[in-house]
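# Structure assessment
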Amino acid sequence: EVTVIVRETVAADNQYVRRLQSRQVRVVAPSPATVAFLTGVLMVVKRLAQGLFPVYWATKRTKLRITWSRFEEELRYHLVQRPMHRVLDRWLLLSLAREHARRPIDFIHGHRIDWAMPVVAKWARAKRIPMVWHEHTDMPRPDNFQKLLWAYTGQPLARLSEGCDIAVLSPIFISRVPLVYGPGRQITPIGNWVEDPGVAAHPGQGEGAFTVGAASRVVEGKGLETLVEALGRAAQQGAEVRGVIMGDGRFMARLK
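Per chain, the residues get numbers from 1 upward, laid out in the order the sequence is written. Whole-chain, interface and lining totals are the exception, using all residues; otherwise, since this is a predicted model, local features are given only for residues with pLDDT of at least 70 and side-chain atom pairs are given and counted only at 80 or more. Excluded from the side-chain calculation are hydrogens and water; included are all heavy atoms of the structure.

## Digging into a nonpolar patch on the surface
- The grouping of F37, V41 and V45 at the surface amounts to a nonpolar patch, some 270 Å² of accessible area in total.
- Position of V45 relative to the elements: it lies in helix α2 (residues 32-50).
- Judged by relative accessible area, which is 36%, V45 ranks as partly exposed. Put simply, a patch holds well-exposed residues, over 30% relative accessible area, that have no salt bridge, with like charges counted together within 9 Å and Val, Leu, Ile, Met, Phe, Trp or Tyr side chains within 5 Å. Here the accessible surface of atoms and residues is derived via Shrake-Rupley with a 1.4 Å probe, and residues count as covered only by protein chains that are part of the display. Each reported salt bridge corresponds to a side-chain nitrogen of Lys or Arg within 4 Å of a carboxyl oxygen of Asp or Glu. Each helix corresponds to a stretch of at least 4 residues labelled H or I by DSSP, and each strand to a stretch of at least 2 residues labelled E; elements are numbered beginning at the N terminus. Each residue's exposure class comes from its accessible area (1.4 Å probe, protein chains only) as a fraction of the maximum for that residue type: buried when under 20%, exposed when over 50%, partly exposed otherwise.

Written as structure tokens, this is what we have:
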């Protein structure tokens with residue numbers, strides 16, 4: 001039996017949640033209304049704090065535009081992001097405890113190291129529950145990421161992830177993992193693909209055409225619009241090219 005706990009809010013029409021629920025997989029997520037209310041309150045606090053900008057700027061010896069940008073960053077982090085992270089982390093711990101009480105958890109799989117995973121790892125270590133978390137293509141650079149994490153927890157990432165095995169879905173990151181998590185960690189590389197000799201070539205492929213394929217969720221941030229634009233430019237220049245996009249998502253209509 002599998003339970004999926006999602007620390008962020010999930011839309012009611014989320015296709016992945018629907019698929020999980022159709023297979024009787026329990027999905028636990030925060031209330032969107034509660035999160036929206038808390039975010040709204042924190043944004044009001046941030047706006048009030050912006051009124052103190054003249055006082056803040058008067059104590060600095062730098063250009064006004066640069067100081068305003070820095071001030072905005074600090075306010076967003078300390079008055080919105082950090083409080084929301086603490087609220088959601090608390091919700092996550094309560095959800096883990098409730099699920100464990102309802103049905104003892106034997107194993108935890110964590111998706112990516114972000115704000116939430118150190119909280120889960122600490123809880124799993126205290127409960128003596130084995131845990132694996134995995135990293136994939138957007139694993140951050142260790143120098144930038146460690147600074148961000150330490151500012152939030154005050155502890156090194158290597159300490160927070162003690163007792164966890166780490167799986168990486170790209171061989172590129174094998175050398176980076178010890179820099180982020182510390183040396184001597186159990187690291188398991190897993191190829192991010194599925195080998196199936198029964199998969200045939202796309203029927204739309206033509207002889208002589210250079211075909212570029214992309215398989216992903218069709219959402220913003222994947223760069224699919226860049227692929228379409230690049231293929232269009234190449235075709236305008238006389239190249240015989242073709243694109244194949246495999247996937248689905250909210251960006252599909254706009255992409256078409």
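## Things to note about the nonpolar core
- Of all hydrophobic cores here, the largest spans 20 residues; its most connected members are I108, V120, M131 and W133.
- Those elements that provide at least two residues to this core are α4 (64-102), α5 (117-127), β4 (131-135), β5 (164-168) and α8 (177-181).
- When residues of this core are assigned to their parent elements, the largest contribution, five residues, is made by α5. The definition of a nonpolar core used throughout is a set of buried Ala, Val, Leu, Ile, Met, Phe, Trp, Tyr and Cys residues joined through side-chain atoms within 4.5 Å.

## Comments concerning the pairing of strand β8 (residues 241-246)
- Between any two strands, pairing holds if DSSP finds at least two bridges. Bridging between strand β7 (residues 210-215) and β8 involves six bridges; their strand directions are parallel. What sits directly across from F210, in β8, is V241.
- As for the winding sense of the linkage, the β-α-β connection from β7 through helix α9 (residues 224-236) to β8 is right-handed. A clockwise path from the first strand over the helix to the second, with the strands pointing away from the viewer, defines a right-handed crossover.

## Remarks on the environment of L20
- With respect to the element layout, L20 can be found in helix α1 (residues 15-22).
- Taking the C-alpha atoms as reference points, L20 and T3, separated by 17 residues in sequence, lie 9.7 Å from one another.
- We call two residues in contact whenever any of their non-hydrogen atoms come within 4.5 Å of each other. Those residues in contact with L20, other than ones at most four positions away along the chain, are V4, V25 and V27.

## Observations regarding the environment of S31
- As for its position among the elements, S31 is in the loop between β2 (26-28) and α2.
- A relative accessible area of 35% means that S31 is categorised as partly exposed.

## Looking at the pattern of salt bridges
- Summed over all chains, the structure comprises eight salt bridges.
- Of the charged contacts, one joins E99 and R102 as a salt bridge, the two residues approaching to 3.2 Å between their closest N and O atoms. Separated by three residues within a single helix, E99 and R102 lie in helix α4, roughly one turn from each other.
- Across the pair R250 and E220 runs a salt bridge whose closest N-O atoms are separated by 3.2 Å.

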